[in-house]
Amino acid sequence: VLLEKINSVENLRQLNTKELPVLAEEIRARIIEVISRNGGHLASSLGVVDLTIALHYVLDTPTDKIIWDVGHQSYAHKILTGRASAFHTIRTSGGISGFPRITESPFDTYNVGHSSTSLSLAIGECVARDYLKKDYCVVPVIGDGSLTGGMAFEALNQIGHLKRPMMIILNDNEHSISRNVGALSEYLTRIISGSFYNTTRKMIYDIIEHIPLVGAKVEELAAKGKSYLKGLLVPGKFFEDLGLRYFGPVNGHNIEAMVEIFSNTCVIKNGPIIVHVVTQKGRGYGYSERKPKHFHSVAPFCVETGEPVSEPALSLSEVAGKTLVRIAKSDDRVFAVTAAMTTGTGLEEFSLTFPRRCIDVGIAEQHAVTFSAALARNGIKPFCAIYSTFLQRAYDQIVHDVGSMKLPVRFLIDRAGIVGEDGETHHGLLDISYLKSIPGMMILSPPDGAHLVNMVYYAWKFEKGPVAIRYHKGNAGRSEYDFVPEDDYNPLIPLYDKRGSDVLLIAHGVMHSVARNAAEILAAKGVAVSTVCLLCVKPLDTAFLNDAVYAHRRVYVIENNYRIGGVGESILSDLSGENRGRLRTIFAFPDEFICHAPVSELFARYGLTAQQIAETILCDTTS
Ligand SMILES: Cc1ncc(C[n+]2csc(CCOP(=O)(O)OP(=O)(O)O)c2C)c(N)n1
């Protein structure tokens, strides 16, 4: 077994090229086996196993720097760079991360998780490297999906201008999570399907075969404009026109060919080059080859059948999407806008039912928001569905393009709060903090599926300005969608369960059930506990809150957000002077990046379970 010998990249470099495809198969088998147990980004990682081997084989990593975009495809990279023996712990509590982490390995050049950062990091690396008179290769690896992000274009603009040597690997599998969309994607597809493919590959071989000191010669030949090299550049004219030299398309599953090509391209030192590598998403596992979208990010599954280990329950994402389908049936002005996350945000059914009204803008959250603003300005009713963590990107667009004009863009903010195994780049712990400071922004926080449905209906009818509904990653608590919206639903009125005058727990969203459970535990100990569930966390009903707080001796707020900038702080600032002293504790996440672990474990680690909260309150009672 070759993999057993690979404890470091040096071991890899000792293999001969004929052994590399065997190693690739072993790595694939390991990834499939582990991810079937732990869940994770399977299809993307399987697709780049051969590419990853070729890169580490040729480059002098970690001195040469591979910069992964998103980093969800870095599993083979982890296995090859000293983490094979820890790979079974990936995404588990205390185990290695599912994304590159600078604290985990010197081979992980940056912390990543959000898309389209690699080219900006790469050009920054090059400028620093050249200024410090260092000499190493900078190799960003970016997918065709991530290339749709605005930042990637901003970086390309500078890369073409500064002309610093770097080798960009464009990993083109024609997929983002779903099939990739957009003019650029169509352009890349034209290149791949065009007749140049085979001839170009042959040309690269010809050059490599006939030129011993290829790097220097390629430069020389390119400078002289030899006709065959010109031909090689033709397919990627777009990149060439921006000032990058284009090579490809290259078969991303022929390791030997890639080793030769990278050996020759990585030594080109007179400017940036882009090598267009064509890979198959999900490669090497029949189910993920056939359903790359499903296996993009997958829960534990049975390797033999490809089926999930536990039957997926109805998620809040699906509830939001299905509700939108019902609304859109009665209102042809309802649109859904997604930034390459149709499935993740539950919009699959909507996209099939109303293809013209479901707009996938690519991995472009900033653009999605400003695009939605223009829809709203023209009387369309856009529901812009974006995960909390990715909406961080679009902050100024919400302020400048939506908020300042009070445009009724409806934000469906999925994965709000802690998300678990994807870890620190993916937790949605900031949305309340960043949204509540925007004047006129209404923020709703449903405690369950039924409230989410009502809130989507409420947002549909709400025309006075932007409204955000932020909901956690979780289940709707029902196996089927059988929700019926209430006619007179008003999220501005909190749910108030008054019991005694001792303790009041104020919560919102998923933490309402934690508050109720804590109240029960305390009731069993003889402490009467009232609960308030805020459905709308901005604006707050100040008069109501002051009355409720005044009616209790001690008050606690529980939320699935950072404490800093959270709802607890808003409540505190809205309370009258005499009420403020009653607010004893805000149970929320502290001021630190929260690592990956199951959601339940993270709640426990930060003292946010019902039992822990009840115990804290009991101690507080007796002190
Ligand atoms: C800013 C941002 N938006 C959305 C995502 C969610 N996401 C993770 S991977 C991915 C698709 C990336 O496509 P591509 O770069 O082509 O890589 P592939 O998975 O196809 O290998 C998306 C949309 C993200 N990570 N970051």
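Sequence order as written defines the numbering, with residues in each chain counted from 1. Only residues with pLDDT of at least 70 get local features here, since the model is predicted, and only at 80 or more are side-chain atom pairs given and counted; chain-wide, interface and lining totals rely on the full set of residues. Heavy atoms from the whole structure form the basis of all side-chain values; hydrogens and water molecules are not counted.

Novice: Help me out: how do you make sense of the packing of helix H2 (residues 20–38) against helix H5 (residues 75–83) in this one?
Specialist: Helix packing geometry: the angle between the two helix axes and the distance between the axes. Where H2 contacts H5, the axes come no closer than 10 Å and their chain directions differ by 115°. Taken together, the axis directions place H2 and H5 in an arrangement best described as roughly perpendicular. Between H2 and H5 lies a crossing of right-handed hand. Contacts from Leu23, Ile27, Arg30, Ile31 and Ile35 in H2 reach Tyr75, Ala76, Ile79 and Leu80 in H5. Considered class by class, the residues forming the contact of H2 with H5 number eight nonpolar, no polar and one charged. Between the N-to-C directions of two axes lies an angle of 0 to 180 degrees, each axis being a line fitted to C-alpha atoms and, for a helix, fitted only over the stretch in contact. Comment: elements are numbered from the N terminus, with helices defined as DSSP H or I runs of at least four residues and strands as E runs of at least two. Our angle categories are set so that under 35 degrees counts as roughly parallel, over 145 as roughly antiparallel, 65 to 115 as roughly perpendicular, and the remainder as oblique. Crossing chirality is assigned from the near helix's rotation relative to the far helix, an anticlockwise turn below a right angle marking it left-handed and a clockwise turn marking it right-handed. By definition in these notes, contact holds between two residues if any of their heavy atoms fall within 4.5 Å. Following the grouping adopted for this structure description, the nonpolar residues are Ala, Val, Leu, Ile, Met, Phe, Trp, Tyr, Cys and Pro, the charged ones are Asp, Glu, Lys and Arg, and the polar ones are all others, Gly among them.

Novice: Is there a simple way to explain the sheet that holds strand E17 (residues 583–589) in this structure?
Specialist: Two strands qualify as a pair provided DSSP detects at least 2 bridges between them. The strand order across the open sheet formed by five strands is E12-E14-E13-E16-E17, and the pairing between neighbours is mixed. Every other strand in the sheet has two partners, leaving strand E12 (495–497) and E17 as the edge strands with one partner each. Across this sheet, the average inter-strand angle for adjacent strands is 15°, counted without regard to direction. As judged from the five bridges shared by strand E13 (residues 503–508) and strand E16 (residues 554–562), these two strands associate in the parallel manner. Of the residues in E16, the one forming a bridge with Leu505 is Tyr556. With respect to the sheet, helix H24 (residues 567–574) is in contact with E13, strand E14 (529–534), E16 and E17, its orientation differing from that of E17 by roughly 155°.

Novice: In this structure, what is going on with the site of the ligand? I would like to understand it.
Specialist: We call a residue near a given molecule or strand whenever any one of its heavy atoms falls within 4 Å of it. The environment of the ligand is formed by 23 residues, the closest being Ser44, His72, Gly145, Ser146 and Glu365. Two N or O atoms count as a polar contact when they lie within 3.5 Å, although within protein this holds only if one can serve as hydrogen donor and the other as acceptor, and sequence-adjacent residues are included solely when both atoms are side-chain atoms. Gly145 has a polar backbone atom sitting 2.7 Å from an oxygen atom of the ligand. Between Ser146 and the ligand, the recorded distance is 2.6 Å, taken from a side-chain N or O atom to an oxygen atom. About the coverage of the ligand: the protein hides 98% of its 580 Å² of free accessible area. Among the residues making up the shell around the ligand, the classes are represented as six nonpolar, 13 polar and four charged. Method for areas: the Shrake-Rupley scheme with a 1.4 Å probe, in which residue coverage is limited to the protein chains shown.

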